[in-house]
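Descriptive analysis of the structure
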Amino acid sequence: MLYEELLDNYGEHFKSFFKNVPIFQNQFTWEPLNQQCYDCMYTNNSCSKIASVKDLKERIPGLKELCRQCADFYIPARNKSIPKYDIILGKQHEEVLMDFLEKKLGAKTERADLENRSFPDCKILKPDGSVAAYFEVKFHGAPFVRAYNFTGRYCYEGSATLDHKKIEKQLALIDGGLDAPVFYVHWLEYPCLKGIFYETSEQVKEYMHSQHEVFEREKREGDK
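Quick summary incoming for the structure in this document. (Residues numbered from 1 in each chain as written. Predicted model: local features only at pLDDT ≥ 70, side-chain atom pairs only at ≥ 80, totals over all residues. Heavy atoms only, no water.)

1. Topic: the overall build of the chain
Note the cut-off: Only DSSP runs of H or I reaching four residues or more are called helices, and only runs of E reaching two or more are called strands; each is numbered from the N terminus. Think of it in three bands: with a 1.4 Å probe and only protein chains considered, a residue is buried below 20% of the maximum accessible area for its type, exposed above 50%, and partly exposed in between. Working rule for contacts: check all heavy atoms of both residues, and any pair within 4.5 Å makes them a contact. Working definition of accessibility: Shrake-Rupley area with a 1.4 Å probe, residue cover restricted to the visible protein chains.
Assigned secondary structure in the chain consists of nine helices and five strands. Along the chain direction, N to C, the helices and strands of the chain fall in the order α-α-α-α-α-β-β-β-α-α-α-β-β-α. Counting the 224 residues in the chain, one finds 39% classified as buried. Look at the contacts in the chain between residues 6 or more apart in sequence, and 63% of them connect residues 24 or more apart. In the form shown here, the chain has an accessible surface area of approximately 13,500 Å², with 52% of it arising from carbon and sulfur atoms.

2. With respect to the pattern of salt bridges
This is how it is decided: Salt bridges are counted wherever a side-chain nitrogen of Lys or Arg sits within 4 Å of a carboxyl oxygen of Asp or Glu.
For the structure on display, the rule yields 14 salt bridges. Its salt-bridge partner being E95, residue R111 comes within 3.0 Å of it at the nearest N-O pair. A residue pair is termed long-range when its members are at least 10 positions apart, and R111 in strand β1 (residues 108-111) and E95 in helix α5 (residues 83-105) qualify at 16 residues. A residue is classified by how much of its surface remains accessible, and R111, at 14% relative accessible area, is buried. By relative accessible area, E95 is classed as partly exposed at 38%. Put simply, E94, E95, R111 and D113 are held in one network by salt bridges that share partners.

3. Concerning the sheet that holds strand β3 (residues 131-140)
Counted only if it meets this: A pair of strands is labelled paired if DSSP reports no fewer than 2 bridges between them. Note on geometry: axes are lines fitted to C-alpha atoms, helical ones only across the stretch in contact, with angles between N-to-C directions running from 0 to 180 degrees.
Spatial ordering of the open sheet is given by β1-β2-β3-β4-β5, a layout of five strands whose pairing is mixed. Whereas interior strands pair on both sides, the edge strands pair on one side only; in this sheet they are β1 and β5 (194-200). Taken pair by pair, the neighbouring strands of this sheet meet at an average axis angle of 30°, ignoring direction. Inspection of the sheet shows strand β2 (residues 122-125) paired to β3 by four bridges, in the antiparallel sense. Counted as the bridge partner of L125 is V131 from β3. On top of the sheet, helix α9 (residues 201-210) reaches β4 (182-189) and β5; it is set at about 80° to β5, its chief contact.

4. Remarks on the packing of helix α8 (residues 164-175) against α9
To be explicit about the condition: Each angle receives one of four descriptions, namely roughly parallel if under 35 degrees, roughly antiparallel if over 145, roughly perpendicular if within 65 to 115, and oblique otherwise. By convention the crossing between two helices is left-handed if the near helix lies anticlockwise of the far one by an angle smaller than a right angle, and right-handed if it lies clockwise. The classification used treats Ala, Val, Leu, Ile, Met, Phe, Trp, Tyr, Cys and Pro as nonpolar, Asp, Glu, Lys and Arg as charged, and all other residues, Gly among them, as polar.
Where α8 contacts α9, the axes come no closer than 11 Å and their chain directions differ by 125°. One finds that α8 runs oblique with respect to α9. Pair α8 / α9 crosses with left-handed handedness. For the pair α8 and α9, the contacting residues are H164, I167, E168, L171, I174 and D175 in the first and S201, V204, K205 and M208 in the second. Residue classes in the contact of α8 with α9 are distributed as five nonpolar, two polar and three charged.

5. As for the environment of M208
By the element assignment, M208 lies in helix α9. Here the alpha-carbon distance between M208 and H164, two residues 44 residues apart in the chain, equals 8.7 Å. The residues touching M208, leaving out its near neighbours within four places in the chain, are H164, I167, E168 and L171.

6. Here we look at the pairing of β4
Of all the eight residues making up β4, seven are buried; the element is thus mostly covered by neighbouring parts of the structure. In terms of strand pairing, β3 meets β4 through seven bridges, oriented parallel. Within the sheet, the bridge partner assigned to H140 lies in β4 and is L188. Across seven bridges, the pairing between β4 and β5 is antiparallel.

7. Let's talk about α8
For the record, the criterion: A helix is expected to span 1.5 Å multiplied by its residue count minus one. Under the rule applied, a polar contact is a pair of N or O atoms within 3.5 Å (in protein, one hydrogen donor and one hydrogen acceptor; residues adjacent in sequence only if both atoms are side-chain atoms).
For α8, which comprises 12 residues, the first-to-last C-alpha distance of 16 Å matches the rise-based estimate of 16 Å (1.5 Å per residue) to within 8%. Backbone nitrogen of K165 and a side-chain oxygen of the N-cap are separated by 3.2 Å at the start of α8; the cap is D163. Two residues or fewer after α8 comes G177, characterised by a positive phi angle close to 110°.

What follows is the structure, given as structure tokens:
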């Protein structure tokens, strides 16, 4: 699959970038277990009846042990978040994804947030130079292991979030007549589920409007 190819091409780049930072043992790698997780947690899952973690552990050999290792690694506080480094990390993923789209699919990509900080991160251009689409990239490398205890959602499907205030500003720009469709790209690099997924700005708006309760995770020192 394309994500496995992306990791083959850029996995060493990320490992080098994180050489002084502890990361989970299989981060930025693709193993047979990850393919099974992708199939069971995404491809063959159902939005109306999402597979429980308990059920998945029974269906996927090795997942039970991986979950134990995941909890041991992600539940304890590992480090303090430093905003400027978080921004640098985010740009790493954006640049890699733009490079992959250009080399693999021949798409012409550029940063969009340089002309307006409220714009989505990146844009894809048409041959005439006009904008074909914008996309906002959010990397999710640490699953919210205890999500079910607080939100009633399973960790593998309930950990991906967006910056609410930033999205509100972007949706206002879109409603004001942004010149191309906008996609929100979720780059998941959990121990189990990995891949690049997306939703449209219309889907994000509908979801935000349907939510009447907002859960905020406890922030680490330095989080923004």
